[in-house]
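The lines below spell out each chain.
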Amino acid sequence: MNRGRSLFAGTLACAILTLGLGGAVTAQEPASIKVGYAISKTGPNAGGANITQIPNYQLWVKEVNDKGGLMLKSIGKRVKIEVIEYDDRSNSEEAVRAVERLITQDKVDLLFPPWGTGLNLAVGPVFNKYGYPQLAFSAVTDRAPELAKRWPNSFWFLGTSKQYVDALVDLLSQMRKDGKINDSIAMVSIADGFGIDLSKAAREGFEKAKFKLAYDKSYPIGTQDLSPLLGEAQRSGADTFVAFSYPPDTVALTDQAKVASFAPKVMFLGVGVGFPLYPQRFGENTEGIMSLGGWQADNKATADYRAKHKAMHNRDPDYWGSQVGYSSLQMLEQAIERVGKIDREAIIKELQTGTFDTVIGKIKLDNNMPVKAFPLIGQWQKGFYTGVAPAGPGMAAVVVPKPAWKQ
Amino acid sequence: MFVAAVTSGLVLGGMYALIAMGLTLQYGVARIMNLAHGELMIAAAFAALWLFSSAAVNPLLGLLLVVPAAFAISWAIYRLLLTPLVRRAPNRDALEVDSILATFGMLFVIQGVMLVMFGGAYYSYSFLAFPVTIAGATVAANRLLALAFAAVIGLGLYLYLTRTRLGTAVRAVAVDPNSAPLVAIDVRATAALAFAFGGALVAAGGVLVSMFLTFNANIGVVFTMKALIVVIMGGVGNLLGCLLAGLILGLAETFVATFVDPGLTLATTYALFLIILLVRPQGLFGTASR
């Protein structure tokens, strides 16, 4: 009985091996291009990953496969994409392990990045070690220029916190010059990567532009009542309220500011203002609220992208990282098709030097980062989250003061 | 400023008490340390959101649907999933360990179901988000409502447990499940009832906080942690203690945020928790022996 079974198993194993070998011999023409990613499907990062990143991956893969796949010149035909996905549970060790597994065991041809600054930094060395392009579009870090030099395979689409702060400071300085706001600012920030980085850059930027920080405090993650902070900010007499917050607090800050009838002339909030739930929740009351990112109202390509996104996922993309992320995938697609085969070194080279057509316009990277390719500061104006800074073509004029709340 | 701090502290504390009451009942009487507490709460929040956004059911009416459903589901969970553990456990401590493991598993099941149904994105809706002025301080109506519910449920259940026959039976089971049958109390039925009631309270808390908090399928553990602190501070199984502990935490956090530094609120919570554990390990209202 036992012998019979092991004989059977042996035969089966041989058969599988033979089949496997047979497959390998004909593998000159890849049956598919394997794309792998580890992303936070659960844990604290899941909220952001599910809005900005996963829908873009799904949309892009579907579009490419609907076309018949990626066109590889080297074999003269289109090859479909096959996706391997892992959950990194918002944990950096898990993310590193999953990426290594994707590379060494699943033998993927390409990798997509994880969500957030922390995890992108965590997996950076692995991407670099195996020479996979890392097109990070949900990471903001002041170390981006340095990282791009150390890991030439890494691309930092959202740039540095200084860029955003500089754009904000320029905008505020102009308002002060026009006599629209006083020179005092109240700032709150979340005590986590994003809040710490941006508030540090902002502190320096505001000081340099001779703004006075009338209130400057940080609060821990998971704070469920922000009314004490809003009360202090209101009493500080500042015309400008700046919060580097995460989505749950961004919503809570808006809600509680409205309840307290605290309508600063400039209200700048953090991540979440560009999320689809924000206008759903606050409707007309979003008018005048500012944040990071922003779209150009007259850009037909992004409007089409939005429609496709909505058709597939039944919700809008977010107004900061989504369009940039989708553009980065378009760039990857064009780079692969220009190279004509899965030659990661050549693809990285093409990404670094080529010029690409994307939904946000033509992009050519400088030191692995886009330059003035998309709005850094946006503002809700008549139900559209429009880009207002840095100054340049396609930017709308900023509206100050923010209108009073409609209760 | 002082009045504002007091009112927002009380309102925040009311929310803390509300989310902890269900757990104190489940842990105190049924002796089930329900680690899936926060997930059940978020499930109720999703139920309220779903009723509100797809069927336009007012969340307060939604309570009438969600709370009885949670009662029935919790009762079924106790009967099907936890009764075998209760039967097997040689003593209370063993049951506590077993229940922690079982509910830890349940946490992932509930979270997984919510992830499949709603994905990991954030959800939020607006209901009763208008300002109410009390003694010169402004608070949101929905948060005030949560405080009112917490006070009514806390006091009401406290009176029920201390003044009625069934309430006395529940307390008897909490104090000594081995002797309770001697006075003709059906321990298992009473424990199941307490667990189901706890589940109903959790659901009520979930529906109420969904009116003002932004949540997603992964956020439950945050509430489990907070609830655990409140339950242990207030004395396990004591609803009045739970209410007071919640209010104390809320006030302490708000005062620290207003007058010292908002960055220290978490530190304050844990410092208070440590002090109580050192000085009164049985909690504010707990009795020293089990």
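What this report covers is the structure whose coordinates are included nearby. Here the residue numbers are simple positions, counted from 1 along each chain's written sequence. Both sets of labels track the order of writing: A upward for chains, 1 upward for ligands. Per-residue local features are limited, in this predicted model, to residues with pLDDT of at least 70; the limit for side-chain atom pairs, both in listing and counting, is 80 or more; totals at the level of whole chains, interfaces and linings are taken over all residues. To obtain the side-chain values, all non-hydrogen atoms of the structure were used and water was disregarded.

### Describing the overall build of chain B
Each helix corresponds to a stretch of at least 4 residues labelled H or I by DSSP, and each strand to a stretch of at least 2 residues labelled E; elements are numbered beginning at the N terminus. Within chain B one finds 10 helices and two strands. Helices (α) and strands (β) of chain B occur, in sequence order from the N terminus, as α-α-α-α-β-β-α-α-α-α-α-α. Just to be clear, the radius of gyration here is over C-alpha atoms, and the globule rule we use is 2.2 Å times residues to the power 0.38. A globule of 290 residues ought to have a C-alpha radius of gyration of about 19 Å, and chain B, at 19 Å, matches this closely. When the backbone C-alpha atoms are referred to their principal axes, chain B occupies close to 55 × 45 × 35 Å. When burial is assessed residue by residue, chain B has 54% of its 290 residues classed as buried. For chain B, restricting intrachain contacts to residue pairs at least 6 apart in sequence, the fraction spanning at least 24 positions comes to 79%. In these tables, accessible area is a Shrake-Rupley quantity obtained with a 1.4 Å probe, and a residue counts as shielded only by the protein chains included in the view. Total accessible area on chain B is roughly 11800 Å²; 73% of this is exposed by carbon and sulfur atoms. Throughout, exposure labels follow a simple rule: accessible area from a 1.4 Å probe, protein chains only, divided by the maximum for the residue type, with under 20% read as buried, over 50% as exposed, and the rest as partly exposed. Contact definition: two residues touch when any of their heavy atoms are within 4.5 Å.

### Side note on the sheet that holds strand S13 (residues 355–358) of chain A
Residues and elements named next belong to chain A. The three strands lie next to each other as S13-S14-S15, forming an open sheet whose pairing is antiparallel. With partners counted over all chains shown, the strands left at the sheet margins are S13 and strand S15 (369–370), one partner each. Bridge count for S13 against strand S14 (residues 361–366) is four bridges, and the pairing is antiparallel. Paired with Phe 356 across the two strands is Ile 363, which belongs to S14. Criterion used throughout: strands pair if DSSP finds at least two bridges between them.

### Some remarks on the interface of chain B and chain A
Facing the 37 residues of chain B at the interface are 34 residues of chain A. Buried area is understood as the total, over both parts, of accessible area removed when two parts are fitted together, assessed with a 1.4 Å probe. Summed over both partners, the interface of chain B with chain A comes to about 2700 Å²; 58% of that surface belongs to carbon and sulfur atoms. Among the residues chain B hides against chain A, the three largest losses belong to Tyr122(B), Arg143(B) and Pro262(B). Together they make up 21% of the total. The salt bridge criterion pairs a side-chain nitrogen of Lys or Arg with a carboxyl oxygen of Asp or Glu, the two atoms within 4 Å. The interface formed by chain B and chain A includes one salt bridge. A salt bridge links Lys217(A) to Asp261(B); its shortest N-O distance comes to 3.7 Å. Pairs of N or O atoms are called polar contacts if they sit within 3.5 Å, as long as, within protein, a hydrogen donor faces a hydrogen acceptor (for residues adjacent in sequence, only side-chain-to-side-chain pairs). Connecting chain B to chain A are seven residue pairs in polar contact (both at pLDDT 80 or more).

### Section: the pairing of S13(A)
Burial along S13(A) is one-sided: the face carrying Phe356(A) and Thr358(A) is buried and the face carrying Thr355(A) and Asp357(A) is not. Hairpin connection of S13(A) to S14(A): two residues between the antiparallel strands.

### Focus on helix H4 (residues 117–130) of chain A
Residues and elements named next belong to chain A. With 14 residues, H4 extends 20 Å from end C-alpha to end C-alpha; this agrees with the ideal 20 Å at 1.5 Å per step. Two axes enter the definition of the bend at a residue: one is fitted to the seven residues ending there, the other to the seven starting there, and the bend is the angle between them. At Val 123, H4 shows its largest bend, some 40°, and a proline, Pro 125, comes one to four positions later. Within the span of H4, buried status applies to Leu 119, Asn 120, Val 123, Gly 124, Val 126 and Phe 127. In this fold, the buried residues of H4 make contact with helix H3 (92–104), strand S5 (110–111), strand S6 (134–136) and strand S7 (154–156). Phi turns positive one or two residues past the end of H4, at Gly 131, with a value near 70°. Helix span, as expected, comes to 1.5 Å for every residue beyond the first.

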